[in-house]
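One-letter residues, chain by chain:
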Amino acid sequence: MHLLDELLEAWRYTREGVIAELANLPRERLDERPSGVRRSALELARHIVDSGWLMAGELSRPDGDFRRKSYDALVAEHATDPAPRNRAEALDRLRESHERGAAMLRSAGLALLEQPIRQFNGVPASRLSWMHHGIAHEEYHRGQLALYARLLGVTPALTRAIEGS
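Residues numbered from 1 in each chain as written. Predicted model: local features only at pLDDT ≥ 70, side-chain atom pairs only at ≥ 80, totals over all residues. Heavy atoms only, no water.

## Overview of the packing of aromatic side chains
One pass over the full model with this rule turns up 4 aromatic pairs. Judged by centre distance (4.9 Å) and plane angle (40 degrees), the ring pair of phenylalanine 66 and phenylalanine 120 falls under tilted. Remark: phenylalanine 120 occurs in the loop between strand S1 (116-118) and strand S2 (124-126) and phenylalanine 66 occurs in the loop between helix H2 (41-60) and helix H3 (71-78); sequence separation between them is 54 residues. By relative accessible area, phenylalanine 66 is classed as buried at 1%. For phenylalanine 120, a relative accessible area of 32% translates into the label partly exposed. In this structure an aromatic cluster arises from ring pairing among Phe66, Tyr71, Phe120 and Trp130. (Phe/Tyr/Trp six-rings, centres within 6.5 Å; stacked < 30°, edge-to-face > 60°. Helix = DSSP H or I, 4+ residues; strand = E, 2+ residues; numbered from the N terminus. Buried < 20%, exposed > 50% of the residue type's maximum accessible area, 1.4 Å probe, protein only.)

## Some remarks on the side chain of histidine 78
Topologically, histidine 78 is positioned in helix H3. Classification of histidine 78 by relative accessible area gives buried; the value is 15%. Side chain to side chain, histidine 78 and glutamate 58 meet in a polar contact 2.7 Å long. Each residue touching histidine 78, except ones within four places of it in the same chain, is listed here: Trp53, Leu54, Gly57, Glu58, Arg61 and Arg68. (Polar contact = N/O pair within 3.5 Å; in protein donor to acceptor, adjacent residues only side chain to side chain. Contact = heavy atoms within 4.5 Å.)

## A closer look at the nonpolar core
Burial of nonpolar side chains together is a common tendency in soluble globular proteins. In this structure, Leu22, Leu25, Leu59, Leu94, Leu105, Met131 and Leu145 are the most contacted members of the largest nonpolar core, which totals 39 residues. Put simply, the parts of the chain that give this core at least two residues each are helix H1 (3-24), H2, H3, helix H4 (87-113) and helix H5 (127-151). No other element matches the 11 residues that H2 contributes to this core. Apart from the residues within four sequence positions on either side, methionine 131 is in contact with Leu4, Leu7, Leu8, Met55, Leu59 and Leu105. (Core = buried A, V, L, I, M, F, W, Y, C linked by side-chain atoms within 4.5 Å.)

## Digging into H4
If you check H4, its first and last C-alpha atoms are just 33 Å apart, much less than what 27 residues at 1.5 Å a residue would give, namely 39 Å. A maximum bend of about 50 degrees is found in H4 at serine 107. (Expected span 1.5 Å × (residues − 1). Bend = angle between axes of the 7 residues up to and from the residue.)

## Let's talk about the pattern of salt bridges
Under the counting rule described, the total for this entry stands at 17 salt bridges. Between aspartate 50 and arginine 46 there is a salt bridge, with its nearest N and O atoms 3.4 Å apart. Placement of both aspartate 50 and arginine 46 in helix H2 is noted, with a separation of 4 residues, approximately one turn of the helix. Judged by relative accessible area, which is 11%, aspartate 50 ranks as buried. Here arginine 46 falls in the partly exposed class, since its relative accessible area comes to 30%. A salt bridge links aspartate 65 to arginine 118; the nearest nitrogen and oxygen atoms lie 2.9 Å apart. (Salt bridge = Lys/Arg side-chain N within 4 Å of Asp/Glu carboxyl O.)

In structure tokens form, the structure reads like this:
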């Protein structure tokens, strides 16, 4: 297994965790925003899908550059899926976007992904290095979904898995 395989496996694990946390939330409360929180769980799922498209799209482009357009323009270019209206659509989009995004990155190949890309802050980094950022970004939002569960009185999916329930 080479580095790209390891990163794709890490992304798969993270995305599966996001999916588990979203599936764990009460269906009828996915549109709610906990007090002081910017996004509902459904809006957060869309953001994760959009960010995954942005990551896979720019990293797999030979001329990829996170500063070649504004953030909003890059999202609009890469993330064309409509907003999910319910949990089933959100879960489908999370699964499909990951499968297709991983295929794009695998197709780009290790040689391209070792090449530099300009990050949002203008500083160059290897594309593989930036992939770590994308995975960490999803883990951050996975944690938010787990917190949403706690705020709704539900045990987070990861906690339940660790406890064996």
